[in-house]
Amino acid sequence: MNAETVIHSGGCHCKHVRWQVEASPSVIAWQCSCSNCSMRGNTHFIVPSSKFKLSANSDQYLTTYTFGSHTAKHKFCKICGITSFYVPRSNPDGVAVTVKCVDDGTLLHVEYRMFDGRNWEKSYENTSISALSKIDGESL
């Protein structure tokens, strides 16, 4: 962890799924219009998978939904149904953390951007979203 990052904690509604993620206190969150995100009202920020840690015993409460290209892995709690994080199609080497599932106190600023998931390929090409799961210094 460096001086520009903090540990955010969060999880699902029933608290059976808990995690920690190392990220800046100011994040870029994506509002996606794909069929899944728009129905759930999902807004997320993306981190490298190495910066995300699932808490002990949380895995037993998770199940996965996938569709279309089957690249995205939508993880949700078997008890309460909340998707507090998932592996996004845009960043299969990262984790998308649901902003509203972060515990209060560590997110100081959220900049909201739109990702046109209904026109996925075009939006992917026209945004910097793929770089968000890379650690500084990694090739893109």
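In what follows, the accompanying structure is described. Everything quoted here is computed from the prediction, not taken from an experiment.

Cut-offs used in this document
- Residues numbered from 1 in each chain as written.
- Predicted model: local features only at pLDDT ≥ 70, side-chain atom pairs only at ≥ 80, totals over all residues.
- Heavy atoms only, no water.
- Core = buried A, V, L, I, M, F, W, Y, C linked by side-chain atoms within 4.5 Å.
- Buried < 20%, exposed > 50% of the residue type's maximum accessible area, 1.4 Å probe, protein only.
- Helix = DSSP H or I, 4+ residues; strand = E, 2+ residues; numbered from the N terminus.
- Pairing = 2+ DSSP bridges.
- Axes fitted to C-alpha atoms, helices over the stretch in contact; angles between N-to-C directions.
- Contact = heavy atoms within 4.5 Å.
- 1 Å grid on protein atoms, 1.4 Å probe; cavity = no way out; pocket = protein on both sides within 12 Å on 5 of 7 lines; lining within 4 Å.
- Points joined across faces, edges and corners; volume = space filled by probe spheres on them.
- Nonpolar A, V, L, I, M, F, W, Y, C, P; charged D, E, K, R; others polar.

## Notes on the nonpolar core
Core analysis: the largest hydrophobic core is formed by 19 residues, its most contacted members being Trp19, Phe45, Phe52 and Val97. Listing elements by their share of this core, those giving two or more residues are β2 (18-23), β3 (26-32), β4 (43-48) and β9 (94-98). Looking at which element gives the most residues to this core, the answer is β2, with 3 residues. Core analysis: the next-biggest nonpolar cluster, separate from the first, contains 10 residues, Trp30, Cys34, Cys37 and Trp120 among them.

## Observations regarding the sheet that holds strand β1 (residues 6-11)
Reading across the sheet, the 3 strands line up as β1-β2-β5 and stay open at both edges, with antiparallel pairing between neighbours. The open sheet is flanked by β1 and β5 (52-54), the only strands paired with a single partner. Averaged over all adjacent pairs, the angle separating strand axes in this sheet is 20°, with direction ignored. Of the strand pairs in this sheet, β1 and β2 are connected by 6 bridges, and their pairing is antiparallel. Note that in β2 the partner of isoleucine 7 across the bridge is glutamate 22.

## Focus: the side chain of serine 58
Its location among the elements puts serine 58 in the loop between β5 and β6 (62-65). Discounting chain neighbours no more than four positions away, the residues touching serine 58 are His16, Val17 and Arg18.

## Some thoughts on the sheet that holds strand β7 (residues 73-77)
The strand order β6-β7-β8-β9-β4-β3-β10 describes an open sheet built from 7 strands, whose pairing is mixed. The open sheet has two free edges, formed respectively by β6 and β10 (109-115), since each of these has just one partner strand. The mean inter-strand angle of the sheet, taken between neighbouring strand axes irrespective of direction, is 35°.

## Some remarks on the layout of surface pockets
By volume, the second largest pocket is sized at about 290 Å³. Around the second largest pocket sit 18 residues that line it, and Cys34, Phe67, Ala72, Arg89 and Trp120 are the ones nearest its centre. Within the lining of the second largest pocket, the residues separate by chemical class into 11 nonpolar, 6 polar and 1 charged.

## Considering unusual backbone geometry
Backbone geometry at asparagine 57 places phi at a positive 75°, although glycine is not the residue there. Its place among the elements puts asparagine 57 in the loop between β5 and β6. If you check the backbone angles, histidine 70 has positive phi at about 65° while not being a glycine. Position of histidine 70 among the secondary structure elements: in the loop between β6 and β7.

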